[in-house]
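# Secondary and tertiary structure notes
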Amino acid sequence: QQQVKQSPQSLIVQKGGIPIINCAYENTAFDYFPWYQQFPGKGPALLIAIRPDVSEKKEGRFTISFNKSAKQFSLHIMDSQPGDSATYFCAATQSGSARQLTFGSGTQLTVLP
Amino acid sequence: GAVVSQHPSWVICKSGTSVKIECRSLDFQATTMFWYRQFPKQSLMLMATSNEGSKATYEQGVEKDKFLINHASLTLSTLTVTSAHPEDSSFYICSARDGRFYEQYFGPGTRLTVT
């Protein structure tokens, strides 16, 4: 019930491509869905987040698409660059429990030059 | 804004000794702080949640006598690994949240190696 399932586990795209990372959840009490970017040896950095009353959110080259009925959300990276090569985690949280994050398993993205 | 620091960034200690890791929110008041552990190529595993001035809440399977957490102020939390053993070697990451907002911000992590 608390899981967030993330796919794919790894992804390789060419520079300029649009990698898409997908996440699915079961707990309908989740009401906030952030994405984090993590470089090797660093802590995760908050990239973009969405709430379920919105179907899409864009920030720069990053877009979240949200499908409430399907309980799925995805991250799209437009015009991907080699510097975007990192591990991406989706997450979900709900009110209560101090808003603990439930993380997906992560996607290792490689953008080839 | 929303910067979280951790100190030290890496530490090597001998088996049986204790090590303290500090986590600070630099530009906001962190009513809640979280401590995570991360193994290579894996997701983050929540160890404990702490609210300022209260005892930490530990996740199932995390030894609270081994991983001592203190959140004495709105900007500082500490994790002390007591009587460290090689199996405690890991990447420890803290995060902090201002209770008025949803966002949770992470520190840069501390690499602990126990020899």
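Below you will find a few notes about this structure. A quick note: this is a predicted structure, and the numbers were derived from the prediction, not measured.

Rules of the game
- Residues numbered from 1 in each chain as written.
- Chains lettered and ligands numbered in written order.
- Predicted model: local features only at pLDDT ≥ 70, side-chain atom pairs only at ≥ 80, totals over all residues.
- Heavy atoms only, no water.
- Helix = DSSP H or I, 4+ residues; strand = E, 2+ residues; numbered from the N terminus.
- Rg over C-alpha atoms; globule rule 2.2 N^0.38 Å.
- Contact = heavy atoms within 4.5 Å.
- Buried area = accessible area lost by both parts, 1.4 Å probe.
- Salt bridge = Lys/Arg side-chain N within 4 Å of Asp/Glu carboxyl O.
- Polar contact = N/O pair within 3.5 Å; in protein donor to acceptor, adjacent residues only side chain to side chain.
- Nonpolar A, V, L, I, M, F, W, Y, C, P; charged D, E, K, R; others polar.
- Buried < 20%, exposed > 50% of the residue type's maximum accessible area, 1.4 Å probe, protein only.
- Pairing = 2+ DSSP bridges.
- Axes fitted to C-alpha atoms, helices over the stretch in contact; angles between N-to-C directions.

### Thoughts on the overall build of chain B
- When helices and strands are tallied, chain B shows zero helices and 11 strands.
- When the helices and strands of chain B are placed in sequence order, the string is β-β-β-β-β-β-β-β-β-β-β.
- Here the C-alpha atoms of chain B give a radius of gyration of 13 Å, agreeing with the 13 Å that 2.2 N^0.38 yields for 115 residues.
- Expressed along its principal axes, the backbone C-alpha trace of chain B runs to roughly 40 × 25 × 20 Å.

### Considerations on the interface of chain A and chain B
- Of the residues lining the interface, 19 residues belong to chain A; the matching set on chain B comes to 21 residues.
- For the pair chain A and chain B, the summed buried area comes to about 1600 Å², and 58% of that belongs to carbon and sulfur atoms.
- On the chain A side of the contact with chain B, Ala-98, Arg-99 and Gln-100 of chain A bury the most area, a combined 28% of that side's loss.
- On inspection of chain A and its partner chain B, the count reaches zero salt bridges.
- Taken together, chain A and chain B are joined by six residue pairs in polar contact (both at pLDDT 80 or more).
- Here the side of chain A that touches chain B is built from residues that sort into eight nonpolar, seven polar and four charged.

### Description of the pairing of strand S4 (residues 32-38) of chain B
Residues and elements named next belong to chain B.
- Most of S4 sits out of view: seven of its seven residues are buried.
- Because side chains alternate across S4, one face comprises the buried residues Thr-32, Phe-34, Tyr-36 and Gln-38, and the other comprises Met-33, Trp-35 and Arg-37, equally buried.
- Here seven bridges tie S4 to strand S5 (residues 44-51), and the two strands are oriented antiparallel to one another. Paired with Trp-35 across the strands is Ala-48, a residue of S5.
- Hairpin geometry of S4 and S5 is characterised by an intervening segment of five residues between the two adjacent antiparallel strands and by a positive phi of about 60° at Lys-41.
- Relative to strand S9 (residues 90-97), S4 is paired through seven bridges, and the arrangement is antiparallel. Each residue of the ladder has a partner; that of Gln-38, found in S9, is Phe-91.

### Description of the sheet that holds strand S8 (residues 76-81) of chain B
Residue and element names in this part refer to chain B.
- The four strands lie next to each other as S1-S3-S8-S7, forming an open sheet whose pairing is antiparallel. What marks the edges here is a single partner per strand, and that holds for strand S1 (4-7) and strand S7 (67-73). Each adjacent strand pair in this sheet contributes to an overall mean axis angle of 15°, direction not counted.
- As defined by bridge partners, strand S3 (residues 19-25) adjoins S8 across six bridges and the pair is classed as antiparallel. In the sheet register, Glu-22 faces S8, and the bridge partner there is Thr-78.

### Brief notes about unusual backbone geometry
- Note the cis peptide between Ser-7 of chain A and Pro-8 of chain A, where omega equals -5°.
- For Pro-8 of chain A, the location among the structural elements is in the loop between strand S1 (4-7) and strand S2 (10-14).
- With an omega dihedral of 0°, the bond running from His-7 of chain B to Pro-8 of chain B counts as a cis peptide bond.
- Mapped onto the secondary structure, Pro-8 of chain B falls in the loop between S1 and strand S2 (10-13).
- The backbone phi angle of Lys-71 of chain A is positive, close to 55°, even though this residue is not glycine.
- Inspection of the secondary structure assignment puts Lys-71 of chain A in the loop between strand S7 (62-67) and strand S8 (72-77).
- You will see that Ser-83 of chain B, though not glycine, has its phi angle at about 45°, which is positive.
- Mapped onto the elements, Ser-83 of chain B comes out in the loop between S8 and S9.
- The partly exposed category is assigned to Ser-83 of chain B, whose relative accessible area is 33%.

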